[in-house]
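# Geometric and topological summary
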Amino acid sequence: MHYRVTKLAAGDISPARAKTYDMEVWLPSLGAYAKVSSVSNARAYQARRGGIRYRPAGGGKAAYVHTLNASGLATSRLLPAIPEQHQRAGGTVLVPEVLRRWGLPELLRPA
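Residues numbered from 1 in each chain as written. Predicted model: local features only at pLDDT ≥ 70, side-chain atom pairs only at ≥ 80, totals over all residues. Heavy atoms only, no water.

## Re the pattern of salt bridges
Overall, the coordinates contain 2 salt bridges when judged by the stated rule. With a closest N to O distance of 2.4 Å, Arg-4 and Glu-24 form a salt bridge. With a gap of 20 residues between them, Arg-4 in strand S1 (residues 3-7) and Glu-24 in strand S2 (residues 19-27) connect regions that are remote in the sequence. Residue Arg-4 is classed as partly exposed on the basis of its relative accessible area, which comes to 37%. Between Arg-100 and Glu-97 there is a salt bridge; the shortest N-O distance is 3.0 Å. Of the two residues, Arg-100 and Glu-97 both sit in helix H3 (residues 97-100), 3 residues apart, roughly one turn of that helix. We classify Arg-100 as partly exposed; its relative accessible area is 24%. (Salt bridge = Lys/Arg side-chain N within 4 Å of Asp/Glu carboxyl O. Helix = DSSP H or I, 4+ residues; strand = E, 2+ residues; numbered from the N terminus. Buried < 20%, exposed > 50% of the residue type's maximum accessible area, 1.4 Å probe, protein only.)

Structure representation (structure tokens):
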């Protein structure tokens, strides 16, 4: 699959986040990349709000954990990208090898 990972600029993310990355997949029908997931490093921001701490091995002062936030996959964008990116001349779709083990044929033909 053609995809890219982009790091968002500081002005485009919440002040509660240290970094945010978007995963985007190429959709030929749109001629553009579309976001399918996002992941953010919130450092200790959420842990402070939730009071989530840990104590280092061997003792020592309790510290706040760092947290990550990630969205699920936007299947409404991801699933169409599979046939769109693997369509061949004549309209057939070459099913990616990794999906064939789930019982899909090698080629899908238009109706």
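## Describing the side chain of Ser-38
Mapped onto the elements, Ser-38 comes out in strand S3 (residues 32-43). Among the polar contacts listed, one links the side chain of Ser-38 to the backbone oxygen of Tyr-21, at a separation of 3.5 Å. Residues within four places of Ser-38 in sequence aside, it is in contact with Thr-20, Tyr-21, Asp-22, Met-23, Asn-69, Ala-70 and Ser-71. (Polar contact = N/O pair within 3.5 Å; in protein donor to acceptor, adjacent residues only side chain to side chain. Contact = heavy atoms within 4.5 Å.)

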